[in-house]
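# Inside the fold
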Amino acid sequence: MIRFALVDGRVTLAADPADADVLLRLTEQFTALLAERDVAADEEETLPQDPALTRLFPDPVPDDPEESAEVRALTRPALTDHKRVNAERVAASLATPGPLEARDELAWLQWLTDIRIVLASRLGIVMDGDEGAAATEAEQAMQWTYHALGSLQADLVDALDERAAAPGVA
Amino acid sequence: MGDMAFTGPELDEDIRVEPRSSLDRPWRTIVWNDPVNLMQYVTHVFRTYFGYPREEAERLMLLVHNEGRAVVASGPREEVERHTEAMHEYGLWATADKGEA
């Protein structure tokens with residue numbers, strides 16, 4: 001079980017070792033996927049990309065390819081780093097659960113989105129209402145993880161919103 | 001200041017911005033619907049990143065959900081591109097454009 005709770009105004013992570021291990025492997029796979037993108041980044045326009053990467057790094061200015069290439073050259077390295085650091089912070093906090101620093105709250109919030117985007121892509125969830133593949137055991141497990149991480153993210157958003165609404169908290 | 005009055009640059013009277021050119025239109029950050037992001041999460045991002053009040057954040061989130069997209073920010077190009085990248089940090093599917101002619 002992985003969960004977030006608000007304890008004395010701080011978002012606090014609890015994680016049992018088995019589930020922490022599953023998430024840790026996902027952070028490693030995510031980082032490996034980003035590394036794959038780094039290699040392909042120079043040829044982004046000519047190489048067919050992993051659809052998950054296309055969704056994680058959307059074309060910023062689709063109406064204007066020239067402008068888009070310029071913006072990508074300017075922002076993609078930092079964006080890739082940001083996503084990698086998120087995954088690393090999530091991994092580090094899984095190793096030592098407890099109250100999260102503000103930057104770790106953001107890392108979890110954003111990484112849970114990113115990893116769900118990758119899982120959705122693998123499952124073929126591309127439009128509202130798509131159920132996603134569930135024919136094999138591996139796909140069923142991925143489905144379970146996808147939905148469990150959605151609930152986990154909802155808990156985190158609840159905790160953050162609750163704290164923001166609390167009187168006397170900046 | 002002395003006697004040297006500075007009157008600023010003198011623009012030739014003939015210089016005009018064509019009303020339909022892209023120069024007089026603000027850029028926009030658009031967020032598109034996707035099947036992954038939770039409605040509650042999208043609202044949270046609009047509130048915390050842009051500082052929108054809850055009602056406005058929910059209105060924009062519902063536009064994304066029901067109409068497929070919403071303009072969440074507009075302004076100078078660089079600012080809009082920065083917002084667009086920030087949305088990508090949050091895993092939202094965002095694009096920048098020049099607005100409608």
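For every chain, the first residue of the written sequence is number 1, and numbering continues from 1 along that sequence. To label them, take the chains in the order written and letter them from A, then take the ligands in the order written and number them from 1. Local features in this predicted model are restricted to residues of pLDDT 70 or higher, and side-chain atom pairs are both shown and tallied only at a pLDDT of 80 or more, whereas totals for entire chains, interfaces and linings draw on every residue. As a rule here, side-chain values cover all heavy atoms of the structure and leave hydrogens and water aside.

## Some details on the confidence of the model for chain B
In plain terms, the rule: For every residue, the pLDDT score states the predictor's confidence, bounded by 0 at the bottom and 100 at the top.
With 75% of its residues at a pLDDT of at least 70, chain B reaches an overall mean of 86. This complex was scored by the predictor with a pTM of 0.87 and an ipTM of 0.92.

## A few points about the side chain of B:Thr95
Formally: Every helix listed is a DSSP run of H or I at least four residues long, and every strand listed is a run of E at least two residues long, numbered separately from the N terminus. Each polar contact in these results corresponds to two N or O atoms within 3.5 Å; when the atoms are within protein, one needs to be able to donate a hydrogen and the other to accept it, and residues that are neighboring in sequence are counted only if both atoms are side-chain atoms. Whether two residues touch is decided by their heavy atoms; if any such pair falls within 4.5 Å, the residues are in contact.
Here B:Thr95 lies in strand S3 (residues 94-97). Among the polar contacts listed, one links the side chain of B:Thr95 to the side chain of B:Trp32, at a separation of 2.9 Å. Among residues more than four places away in sequence, those in contact with B:Thr95 are A:Asp59, A:Pro60, A:Pro62, B:Arg28, B:Thr29, B:Ile30, B:Trp32 and B:Thr84.

## A word on the packing of aromatic side chains
Stated precisely, the cut-off is as follows: Between 30 and 60 degrees the pair is tilted, below 30 it is stacked and above 60 it is edge-to-face, where a pair is any two Phe, Tyr or Trp rings, Trp via its six-membered ring, whose centres lie within 6.5 Å. Exposed residues in this analysis have more than 50% of their type's maximum accessible area, buried residues have under 20%, and partly exposed residues fall in between, with area computed by a 1.4 Å probe over protein chains only. A ring has a charge above it when a Lys NZ or an Arg CZ is no more than 6 Å from the ring centre and no more than 35 degrees off the ring normal.
Here the structure, examined in full by the defined rule, presents 7 aromatic pairs over all chains. Relative to B:Phe50, the ring of B:Tyr49 lies with its centre 4.7 Å away and its plane at 85 degrees, an arrangement referred to as edge-to-face. Since its relative accessible area comes to 28%, B:Tyr49 is described here as partly exposed. A relative accessible area of 18% places B:Phe50 in the buried class. Between B:Tyr49 and B:Tyr90 the ring centres are 6.4 Å apart and the planes differ by 65 degrees, which places this aromatic pair in the edge-to-face class. With B:Tyr49 in helix H1 (residues 39-50) and B:Tyr90 in the loop between helix H3 (77-89) and S3, this pair connects stretches of sequence that are 41 residues apart. Directly above the aromatic system of A:Phe57 lies the positively charged group of A:Lys83, at a separation of 5.8 Å from the ring centroid.

## Focus: the packing of helix H3 (residues 65-95) of chain A against helix H4 (residues 102-123) of chain A
Residue and element names in this part refer to chain A. Heads up, the rule is: Geometry is summarised by axes, namely lines fitted to C-alpha atoms with helices restricted to the contacting stretch, and by angles between N-to-C directions that run from 0 to 180 degrees. Comment on the angle field: the value is read as roughly parallel under 35 degrees, roughly antiparallel over 145, roughly perpendicular from 65 to 115, and oblique elsewhere. Crossing handedness is read from the near helix: turned anticlockwise from the far helix by less than a right angle, it gives a left-handed crossing, and turned clockwise, a right-handed one. When residues are sorted by character, Ala, Val, Leu, Ile, Met, Phe, Trp, Tyr, Cys and Pro go into the nonpolar class, Asp, Glu, Lys and Arg into the charged class, and all the rest, Gly among them, into the polar class.
Contact geometry for H3 and H4: axes closest at 8 Å, N-to-C directions at 110 degrees. In terms of orientation, H3 and H4 fall into the roughly perpendicular class. The handedness of the crossing between H3 and H4 is left-handed. Between H3 and H4, the residues in contact are His-82, Lys-83, Val-85, Asn-86, Ala-87, Arg-89, Val-90, Ser-93 and Leu-94 and Arg-103, Asp-104, Ala-107, Trp-108, Gln-110, Trp-111 and Asp-114, respectively. When the residues that make up the contact of H3 with H4 are grouped by side-chain class, the tally is 7 nonpolar, 4 polar and 5 charged.

## Re the sheet that holds strand S1 (residues 2-7) of chain A
Residues and elements named next belong to chain A. Threshold: Here, any two strands with at least 2 DSSP bridges between them count as paired.
Here 3 strands make up an open sheet; going across it, the order is S1-S2-S3 and the pairing antiparallel. In this open sheet, the two edge strands, each paired with only one partner strand, are S1 and strand S3 (98-99). Note: strand S2 (residues 10-15) against S3, 2 bridges, orientation antiparallel. Paired with Leu-13 across the bridge in S3 is Gly-98. This element, helix H5 (residues 137-165), spans S1 and S2 of the sheet and lies at about 5 degrees to S1.

## So, the sheet that holds strand S2 (residues 69-75) of chain B
All names here are of chain B. Spatial strand order, S2-S1-S3: 3 strands in an open sheet with antiparallel pairing. The two strands at the open ends of the sheet, each matched to only one other strand, are S2 and S3. Averaged over all adjacent pairs, the angle separating strand axes in this sheet is 25 degrees, with direction ignored. Of the pairings in the sheet, the one linking strand S1 (residues 27-32) to S3 comprises 4 bridges and is antiparallel in character. Looking at S3, one finds that Val-31 is bridged to Ala-94. On top of the sheet, H3 reaches S1, S2 and S3; it is set at about 15 degrees to S1, its chief contact.

## Topic: the pattern of salt bridges
All names here are of chain A. Quick reminder of the rule: The rule for a salt bridge is simple: a side-chain nitrogen of Lys or Arg has to be within 4 Å of a carboxyl oxygen of Asp or Glu.
Going through the model one piece at a time under the given rule, you end up with 15 salt bridges over all chains. Salt-bridge contacts for Arg-25 lead to Asp-21; the nearest nitrogen and oxygen are separated by 3.4 Å. With Arg-25 and Asp-21 both in helix H1 (residues 17-40), this residue pair falls 4 residues apart, about one helical turn. You can call Arg-25 partly exposed: its relative accessible area is 43%. Among the residues examined, Asp-21 registers a relative accessible area of 37% and is labelled partly exposed.

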